[in-house]
Each structure stands twice: as structure tokens, then as C-alpha cells.
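Understanding the architecture of this molecule
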Amino acid sequence: MFTQSHNSRSLVGLASGVALAGAAFGQPIYELAYQFNDGPEVVRAEGEAFSVFAEADGVVDPNWQMINLGFPFATDRRLGLVAVTGDIYRQRDPVADILTRGRSSVTFGDLVFTSDGTDPITIDLDISVGGNTIYVPPRPDAAGIESILDLEVEIEGDVRSGQIRVLFDGEGQQSVEYSGFLSGIAPDRHALIEGLVVPVNTPVSLRFELTRTLLVPPGSSRFRLAHLPPRLGSPAPGLPIGRPVFIVPDGVTVNSHQAGIRDNRFVVCLADLDADGELTIFDFLQYQNLFDAGDQLADFDGDGELTIFDFLAFQNAF
């Protein structure tokens, strides 16, 4: 149990996933944080996926709120790397404006752009940003409610930001504004982050951060802001499926065990080495061939060496 001392309490869900053997830097870093009104932000970071359920104290705080944050970038074979901040509830009439903010991020530290050269290269990153539906009941007292989604991407200290701002009119209609790198969002709900400069043949850090802010004017009654699952065929925030993750110069390959990027494609199941959509004995044979050839794709524990622990890590992934 994760307990907060200042006027709220929270419960932490069960962690999921299997930690790979090897050094700590072989794992991504997951972080969830939340904030109610003017209170301090509560932050938690882990080396494995987890979730947080938090609520403002309904006894001493008349502006009772609740937020449910899930692991921010869940992998799904159909949807890809999905960014979600969960559900937000408001249960009582406020005496003032209400602010509820949920922030989630994941940082990968093993992204490598392999090249025959040594000079830094310029790349573009493809981000899918569609999918999540926001629901607010169509009532007059819902007029003026704002939902703001901030998506931040950082590669080696170069931070790029995009925002989607939704304003509700109380009659079931909403207006949407896009800014930052999301202002040029394509009809297929993909945005391109251009002109990123990265080193080659050395690990690069990649961070995604999603912040969902709910602003409610005084007088609004109880409601639920639900972030529904993406519709079938609609891309979810995160890495793209079925297309290159990065636009890179010719001759450059891109891999990250932590992010599930193999040969510049997002692969939901890292153990599916033959990419046939199934886990079979042929994946074990493919891994053995990679290991025997000294291919760094066989470095499943991310420690930079090929050892027996990589076999164990591959077996765990399988």
C-alpha cells in the first residue's frame, strides 16, 4: 500500500511484467503522478509496470475527487504502445474551481542507432496520437469544463511538446484545439516530430510523458470523465504499428529492447523473433542463431554482453 499523508489516500495496484535478469539499466523506468487542486504533486516511479488509485479525502475536503491511473504505455498487439491516464471522477458540488491532474511517463535508456559512420545523425519520430474518447455528460452545468492532454517526447535532452485542449459547452458538443507538434496532426492521427539529432552506436535515452488535466468551473455537479479504450482501427498514443518508428538515413538500423523496437519496427512481443505472430520452437532456434552470431539483438538482459543470463531473459520473455 502506498499512503499519502496530506488530505488524501491512495492504493497501488499489483505490478505486472517479469523483471529481466541483468543490470538495472536493462529496464525502462515507469512513473505515475497525480495532483488535486493546489496540493503538491504525488509521484511514484518503478522499474516495472504498476497502477495508482487515489482519492481526495471526502470527509474534510468538500471538493472530493478520485483518479485512477494505469501503466501509461501498455503494449497491445493491435494498438501498439498505448498511453492512458485512466478515469477521473468528481463526486460533490465544488465551492471553487477544481483541478485534477494525472501524469504518466516511461523512459527507455537503450535506444541505439547503429551506423557505419561516427557523426551524429538527424532523424524524425512518428507518433500516433488518436484513439482515446473523452466523455462528459451533456448537461448545462458541464459548460466550461476543459480537458487538456499534454504529450511530451524527449530524446537525449531535446524536448518536444504537443497539446490537445477540449472545451465542453454543456450541450454535448466540444471544441478541440491542437498546438505544438500536434498542430500538424495528419488525418490518420499520426504526427511527425522532425529534426531530432542523435549520436550513433551508443545508447540513447527516449522518454514519453502524457499529462491529462481536468479543469472544472465552480457550480458543476457530479460527473465522470472517462477515457475509453481506443476504437478498433484507431491508433493509440505512442509508437506506431505497421510502419517505421523513425525516419533515418540509409544504412542506419534502430533497436531498443526496453521499448520493443527491433529493426526500426515496434514489436509487441520481443520473444517472437521470427515475427510470425506466434511463439514456437522456431523462435528458440532464431534466438540461438542470433546468440551464436554475436548479434546484439540476443542481448536480452541489456547489459551489453552475451551470457547465460540472456538465455534466461529470453526464456522469461517467451
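Bear in mind that the values here come from a model prediction, so they are computed numbers and not experimental data.

1. A short note on the nonpolar core
One recurring pattern in soluble globular proteins is that nonpolar side chains are buried together. In this structure, Phe113, Leu125, Leu206 and Phe246 are the most contacted members of the largest nonpolar core, which totals 51 residues. Elements supplying a minimum of two residues to this core: strand E2 (29-36), strand E4 (52-56), strand E9 (98-114), strand E10 (121-128), strand E12 (146-155), strand E13 (158-168), strand E15 (190-198) and strand E16 (204-216). When residues in this core are grouped by element, the largest group, six residues, is from E16. Setting aside residues no more than four positions away along its own chain, Leu125 makes contact with Val153, Ile155, Ala191, Leu192, Ile193, Leu196, Leu206, Val245 and Phe246. In this structure, Ala271, Ala298, Phe300 and Phe314 belong to the second largest nonpolar core, which totals nine residues.

2. Observations concerning the pattern of salt bridges
For the structure on display, the rule yields 10 salt bridges. Here Glu41 makes a salt bridge to Arg103, at a shortest N to O gap of 3.1 Å. Pair noted here: Glu41 is in the loop between E2 and strand E3 (42-46) and Arg103 is in strand E9, with a separation of 62 residues, a long-range link. Looking at Glu41, the relative accessible area reads 36%, which means it is partly exposed. Of the charged contacts in the structure, one is a salt bridge between Glu46 and Arg44, with a shortest N-O distance of 2.5 Å.

3. Looking at the packing of aromatic side chains
What the rule picks out here adds up to seven aromatic pairs. Measuring from centroid to centroid gives 6.3 Å for Tyr287 and Phe291, while their planes differ by 40°, and the two rings are tilted. Here Tyr287 pairs with Phe291, and both are found in helix H1 (residues 281-292), just four residues apart, close to one helical turn. Seen from their ring centres, Tyr287 and Phe311 are 5.2 Å apart, and the 85° between their planes marks the pair as edge-to-face. Highlighted residues: Tyr287 in helix H1 and Phe311 in helix H2 (residues 308-317), separated in sequence by 24 residues. The exposure class assigned to Tyr287 is buried, which follows from its relative accessible area of 1%. Classification of Phe311 as partly exposed rests on a relative accessible area of 32%. Members of the aromatic cluster, joined through ring pairs, are Phe284, Tyr287, Phe291, Phe311 and Phe314.

4. Describing the pairing of strand E14 (residues 174-180)
Bridge analysis of E13 against E14 gives seven bridges, and the strand direction is antiparallel. Note on E14: the bridge partner recorded for Val166 is Val176.

5. Considerations on the confidence of the model for the protein chain
Overall, the prediction assigns the protein chain a mean pLDDT of 74, with 67% of residues at 70 or greater. Considering only residues more than four positions removed or in separate chains, one finds that residues 76-80, a stretch of pLDDT under 50, has 19 contacts.

6. Focus: the side chain of Gln163
Tracing the backbone shows Gln163 in strand E13. By relative accessible area, Gln163 is classed as buried at 19%. Among the polar contacts made by the side chain of Gln163, one reaches the side chain of Asp150 at a distance of 2.7 Å. Leave out the neighbours within four places in its chain, and Gln163 touches Ile148, Leu149, Asp150, Glu177, Tyr178, Ser179 and Leu182.

7. Focus on the environment of Thr253
Inspection of the secondary structure puts Thr253 in strand E19 (residues 253-255). Thr253 sits in the partly exposed class, given a relative accessible area of 31%. As a C-alpha pair, Thr253 and Ser115 span 138 residues in sequence and 7.0 Å in three-dimensional space. Ignoring any residue separated from it by four or fewer positions in sequence, one finds Thr253 in contact with Val112, Phe113, Thr114 and Asp263.

Cut-offs and rules
Residues numbered from 1 in each chain as written. Predicted model: local features only at pLDDT ≥ 70, side-chain atom pairs only at ≥ 80, totals over all residues. Heavy atoms only, no water. Core = buried A, V, L, I, M, F, W, Y, C linked by side-chain atoms within 4.5 Å. Buried < 20%, exposed > 50% of the residue type's maximum accessible area, 1.4 Å probe, protein only. Helix = DSSP H or I, 4+ residues; strand = E, 2+ residues; numbered from the N terminus. Contact = heavy atoms within 4.5 Å. Salt bridge = Lys/Arg side-chain N within 4 Å of Asp/Glu carboxyl O. Phe/Tyr/Trp six-rings, centres within 6.5 Å; stacked < 30°, edge-to-face > 60°. Pairing = 2+ DSSP bridges. pLDDT = per-residue confidence, 0-100. Polar contact = N/O pair within 3.5 Å; in protein donor to acceptor, adjacent residues only side chain to side chain.

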